[in-house]
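# Structure assessment
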Amino acid sequence: MEDKEISQAVISRLPRYFRYLGELKDEGIERVSSQELSDIMRVTASQIRQDLNNFGGFGQQGYGYNVGYLYDEIGKILGLHEEHNLIIVGAGHLGQALVNYMNFERRGFIFRGIFDSDERLHGTQIRGITVRPMREMERFVKDNDIDIAVLTIPKSSAVEVAEQLVSCGIKGLWNFAHVDLQVPDDIQVENVHLSDSLMKLSYNLAPHDR
């Protein structure tokens, strides 16, 4: 495959392809056409072909896509053939919910540690993982080859914590704090603003003059 820039719009659709192909695979379906995928995903067949052609195509005209093969290949593109070691910073309700979501481990995302500034939580366990004080975070990241940190902390402390994590070698930040982080270009950040999604839903529910 020729090395080229892939748009974020295409990248954002890859997890959906992976999820729907996984469902087809679980149902025992071995082959699917771009039109059949289109009907399931509500994405045009032309868009599906264009997206997949960015990575080599994977299909044959009149023959469609091998579901298992395409599922595996998209998984590789998404980096799911490798394990990722994660920590969570913030052991509140959201942090606990993420640790307890078992599906992450099926995808190779392994939570190794949990950190919080609240001394009352130190030493407690969430699904077998001990909550540690923030002062231990930097050493833990280095000693356990942690590449992704999940931030479920208040906006007021997120910027400082992100800077600390970058300085100790974190490669990616999954940020649930209500602030868009500014980090060096070689650090990958996915900002998740739950309220933005809810407001988008509110907009689509509201009547509008069009």
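Structure: above.
Source: prediction; values computed, not measured.

The next subject is a nonpolar patch on the surface. A cluster of nonpolar side chains, contributed by L198, L201 and L205, occupies part of the molecular surface with about 350 Å² of accessible area. Here L201 is to be found in helix α9 (residues 194-205).

Further remarks concern the pairing of strand β3 (residues 84-89). The side chains of a regular strand alternate, residue by residue, between the two faces of the sheet. Burial within β3 is extensive, with six of its six residues counted as buried. Burial of β3 is two-sided: the residues H84, L86 and I88 facing one way and the residues N85, I87 and V89 facing the other way are all buried. Relative to strand β4 (residues 109-116), β3 runs parallel, the two being bridged by six bridges. Among the inter-strand pairings, H84 is bridged to a residue of β4, identified as F109. Here β3 pairs with strand β7 (residues 148-151) via four bridges, running parallel. Note on β7: the bridge partner recorded for I87 is A149.

The next subject is the environment of I148. Secondary-structure assignment places I148 in strand β7. A relative accessible area of 18% places I148 in the buried class. Sequence separation between I148 and Q182 is 34 residues; the distance between their C-alpha atoms is 16 Å. Residues in contact with I148, not counting those within four places in the same chain, are H84, N85, L86, I87, F109, I170 and G172.

Calculation rules
Residues numbered from 1 in each chain as written. Predicted model: local features only at pLDDT ≥ 70, side-chain atom pairs only at ≥ 80, totals over all residues. Heavy atoms only, no water. Patch = residues over 30% accessible without salt bridge, like charges linked within 9 Å, V, L, I, M, F, W, Y side chains within 5 Å. Areas by Shrake-Rupley, 256 points an atom, 1.4 Å probe, with all protein chains shown as cover. Salt bridge = Lys/Arg side-chain N within 4 Å of Asp/Glu carboxyl O. Helix = DSSP H or I, 4+ residues; strand = E, 2+ residues; numbered from the N terminus. Buried < 20%, exposed > 50% of the residue type's maximum accessible area, 1.4 Å probe, protein only. Pairing = 2+ DSSP bridges. Contact = heavy atoms within 4.5 Å.

Keep in mind that these numbers describe shape and distance, not what the molecule does.
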